[in-house]
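Coordinate inspection notes
Listed below, chain by chain, are the residues.
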Amino acid sequence: ENFDGRILGYTVIGLDATPAKFDVTAAMLPVHDDLKVSFVFPPSGKVEITASIYIQTDSPRALTFGLSTADTSGYASLGAEYENGTFFPTGTDGEQHEHRWYVTGTAGDSEELWFAAGANATNRFDLYWGGDSSSVADGLHPVEYQPFVMKATALPSTVYTG
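So, a few notes on the structure that sits alongside this text. Nothing here was measured: the structure is a model prediction, and the numbers come from that model.

1. A short note on unusual backbone geometry
Glycine aside, a negative phi is what most residues show, and trans is what most peptide bonds show. Non-glycine residue aspartate 16 carries a positive phi angle of around 45°. Along the chain, the position of aspartate 16 falls in the loop between β1 (7-13) and β2 (20-23). On the basis of relative accessibility, which here comes to 65%, the residue aspartate 16 falls in the exposed class. The backbone phi angle of asparagine 123 is positive, close to 65°, even though this residue is not glycine. Its relative accessible area of 55% is what places asparagine 123 among the exposed residues.

2. Digging into the side chain of serine 68
By the secondary structure assignment, serine 68 is in strand β6 (residues 63-68). Serine 68 gets classed as buried once you look at its relative accessible area, which sits at 0%. At a separation of 2.7 Å, a polar atom in the side chain of serine 68 contacts the main-chain carbonyl oxygen of alanine 70. A polar contact of 3.1 Å, which involves the side chain of serine 68, links it to the backbone nitrogen of alanine 76. Discounting residues that sit within four places of it in the chain, serine 68 has contacts with Pro30, Gly74, Tyr75, Ala76, Leu78, Glu112, Leu113 and Trp114.

Quick notes on the rules
- Along each chain, residues carry numbers from 1 onward, in the same order as the chain's sequence is written.
- Two thresholds apply to this predicted model, a pLDDT of at least 70 for residue-level local features and 80 or more for giving and counting side-chain atom pairs, whereas whole-chain, interface and lining totals are computed over all residues.
- With hydrogens and water stripped out, all remaining heavy atoms of the structure feed into the side-chain values.
- A helix here means a DSSP run of H or I that spans at least four residues, while a strand means a run of E at least two residues long, and both kinds are numbered starting from the N terminus.
- Only protein chains enter the calculation, and the probe is 1.4 Å; a residue is then buried if its accessible area is under 20% of its type maximum, exposed if over 50%, and partly exposed in between.
- Polar contact is the term for a pair of N or O atoms within 3.5 Å; when the atoms are in protein, one must be able to donate a hydrogen and the other to accept it, and sequence-neighboring residues count only if both atoms are side-chain atoms.
- In this analysis, two residues are considered to be in contact whenever any of their non-hydrogen atoms come within 4.5 Å of each other.

Here's what the structure looks like:
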């Protein structure tokens, strides 16, 4: 069976929910126990992981997203190659941001990966997800943030990595 393009795992957190926030620190940490994706590697053993979350910052600093094989009980890096600089604002800024990783494994093996974040300075980035209709006029959360989405998509065996 051809798995190319098939969504193998999908997580959406924050639908019709009180907005949630994570203060990024100067260490890589899993953001929340629920911000993860579980999947089984396809026959090609190649998967694209995509995560989407809202970023807010008050100064130009570097933000890094990564993948952890452990939940918030302790960060366990999938590898340094999966810890990538992802956002470097020019000043006070906020936006919905999407990040991607190319992950390989053995066909048929199960995997569970948590979304992690870190920055070169503490208290410079906040990550938000979720919202409900009551948050629109809320002074603390004047907008409804998009839900957090993380998915694993099967890739073909003919991925060029040149």
